[in-house]
Amino acid sequence: MPAPPPSSAPALHIENLDVTYGRTVSALRAVTLTVPPHGIVALLGANGAGKTTLLRAVSGTLRHHRGALTSGRIRYGETVLDGRDPVAAVRAGVVQVPEGRRVFAGLTVDENLRAGALGRRSTTATRATRDRVLTLFPRLAERGGQAAGLLSGGEQQMLAIGRALMARPRLLLLDEPSLGLAPRMVERIAEVLRTIHDQGTAVLLVEQNVGMALALADHAYVLEVGEVRLSGSADELARTDAVRRLYLGEPADTTPGAAAGGQGAA
Ligand SMILES: Nc1ncnc2c1ncn2[C@@H]1O[C@H](COP(=O)(O)OP(=O)(O)OP(=O)(O)O)[C@@H](O)[C@H]1O
Ligand SMILES: [Mg+2]
C-alpha cells in the first residue's frame, strides 16, 4: 500500500467559540474542543445542536451560510484558522466532507476524484493518492467512468470521502457520513474511517449514529443547543446515563436517586 500522508500532525484547538447566523441567531456559545494529533473525536448532539456549524467554522465555510464567528479561536497547530477561508483550511491539511454526501452528479467518478485534487501540483503524488483512494474503495475503481449521480447513496458517500482524501488531509471533518445508509453500509463506512485513521489522518466525526461514533472515537463531545453539555473518553460517555438514554435508546434508569430527565414512571 502507498505511503500514508505526512505524519507531522498538529492538534486542532477550538477555544471559546461563539457563532451567529445573520447577526441574530446564536448557534454556538463558548465551545471549546480539541482533536489531538492522530485522534478520532466524535461530536454528537440532537438536530440543531450546532454540529454542522462547528465544522463550518473550522473549514472556513461559515460565511457562505451567512454565519460569523463572533469570538473565540481556532488553531490547527501553529495555523490560525478562525476568520480564514476554505483554501486556508485545505492548505493547512483540514478538509471537510460536507453533509448530504454532495458529489458532482454530472461528472464521472474519476472526474469527481480529480476535482478533489485541484490545486495540487504533483501529478505523481496525485496518482499515488488516487491509487490509495481506489484501494480503500474498490467500488469506485469499478465505476470510474460512470456519472456520480448514478451511484447508490452509499457509493456517493464513499465518493464524497474519497474526493476529500484526494486533498491529502491531515485532519478529516465528516458531517454525518452514516445518514440514511443501511446498517451494512454504515459498518463499511466505519471500517474505512478506521483505516483512514490508521494510515495517519485525524478525524472529527459528526454523527447522529451514536453507537457507531462512540465505537470509533477515542474522545467525544455532546453539544446541546450550541453548548458543550458533556465530554469525555468515548468509553466513559457510552456508560453515561444521559447518553445511553437519549442517544443509545436505552430505557431511563428508574432506581431511586437516578437523575431522570424525562417524565416520571407511569
Ligand atoms: N444558514 C443558516 N442561517 C440561519 N440559521 C442557521 C443556518 N444554519 C444553521 N442555522 C441554525 O443554527 C443552529 C445550529 O444548526 P446546525 O445546522 O449547526 O445544527 P446540527 O447540529 O448540524 O443539526 P442537524 O443534526 O439537524 O444537522 C440551528 O438553530 C439552525 O437553525
Ligand atoms: Mg448538521
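Values in this document were obtained by computation on a predicted structure and should not be read as measured data.

K.L.:
Let's hear about helix 3 (residues 109–116): which residues, and what values?
P.N.:
Residues V109, N112, L113 and G116 constitute the buried set of helix 3. Down the axis of helix 3, the smallest arc covering the buried residues is 100°, so these residues share one side. Close packing links the buried residues of helix 3 with helix 4 (123–136), helix 5 (138–142) and helix 6 (153–165).

K.L.:
Explain the packing of aromatic side chains to me, and be specific about the residues and the numbers.
P.N.:
Under the counting rule described, the total for this entry stands at zero aromatic pairs. The lysine or arginine in question, R163, covers the ring of F104, its NZ or CZ lying 4.9 Å from the ring centre.

K.L.:
Hey, could you go over the site of ligand 1 for me, with residue numbers and the actual values?
P.N.:
Near ligand 1 lie 14 residues; those nearest to it are G48, K51, T52, T53 and Q208. Residue K51 places a side-chain N or O atom 2.7 Å away from an oxygen atom belonging to ligand 1. When ligand 1 is considered free in solution it has 630 Å² of accessible area, and contact with the protein chains removes 66% of it. A per-element tally of the shell around ligand 1 places helix 1 (residues 51–59) first, with four residues. Counted by class, the shell around ligand 1 contains four nonpolar, seven polar and three charged residues.

K.L.:
Describe the packing of helix 6 against helix 7 (residues 183–198), naming the residues involved and giving the relevant values.
P.N.:
One way to put it is that helix 6 packs onto helix 7 with a least axis distance of 10 Å and a crossing angle of 15°. The orientation of helix 6 with respect to helix 7, classified from their angle, is roughly parallel. As helix 6 packs across helix 7, the resulting crossing turns out to be right-handed. Within the contact between the two elements, helix 6 uses G154, E155, Q157, M158, I161 and L165 and helix 7 uses M185, R188, I189, L193 and I196. Its residues placed into classes, the contact of helix 6 with helix 7 shows seven nonpolar, two polar and two charged.

K.L.:
Residue-level account of the nonpolar core, with values.
P.N.:
Formed by 46 residues in total, the largest nonpolar core has its most connected members in F137 and I161. What F137 contacts, discounting residues up to four positions off in sequence, is M158, I161, G162, L165 and V192. One finds Y21, V35, A89 and L204 within the second-largest nonpolar core, a separate group that totals 31 residues.

K.L.:
Residue-level account of the pattern of salt bridges, with values.
P.N.:
All chains considered together, the criterion is met by 10 salt bridges. Residue E15 pairs with R75 through a salt bridge whose shortest N-O separation is 2.8 Å. Taken as a pair, E15 in strand 1 (residues 12–21) and R75 in strand 4 (residues 67–76) lie far apart in primary sequence, 60 residues in all. Residue E15 is classed as partly exposed on the basis of its relative accessible area of 32%. Put simply, E142 and R139 hold a salt bridge, and the shortest N to O gap is 3.9 Å. Of the two residues, E142 and R139 both sit in helix 5, three residues apart, roughly one turn of that helix. Residue R139 is classed as partly exposed on the basis of its relative accessible area of 37%. Here the salt bridges do not stand alone but share partners, grouping R139, E142, R143 and E155 into one network.

Cut-off values and rules
Residues numbered from 1 in each chain as written. Chains lettered and ligands numbered in written order. Predicted model: local features only at pLDDT ≥ 70, side-chain atom pairs only at ≥ 80, totals over all residues. Heavy atoms only, no water. Buried < 20%, exposed > 50% of the residue type's maximum accessible area, 1.4 Å probe, protein only. Helix = DSSP H or I, 4+ residues; strand = E, 2+ residues; numbered from the N terminus. Arc of directions from axis to C-beta. Contact = heavy atoms within 4.5 Å. Phe/Tyr/Trp six-rings, centres within 6.5 Å; stacked < 30°, edge-to-face > 60°. Lys NZ or Arg CZ within 6 Å of the ring centre and 35° of its normal. Near = heavy atom within 4 Å. Polar contact = N/O pair within 3.5 Å; in protein donor to acceptor, adjacent residues only side chain to side chain. Areas by Shrake-Rupley, 256 points an atom, 1.4 Å probe, with all protein chains shown as cover. Nonpolar A, V, L, I, M, F, W, Y, C, P; charged D, E, K, R; others polar. Axes fitted to C-alpha atoms, helices over the stretch in contact; angles between N-to-C directions. Parallel < 35°, antiparallel > 145°, perpendicular 65-115°, else oblique. Left-handed = near helix turned anticlockwise from the far one by under 90°. Core = buried A, V, L, I, M, F, W, Y, C linked by side-chain atoms within 4.5 Å. Salt bridge = Lys/Arg side-chain N within 4 Å of Asp/Glu carboxyl O.

Without other data, these values stay purely geometric and don't point to any function.
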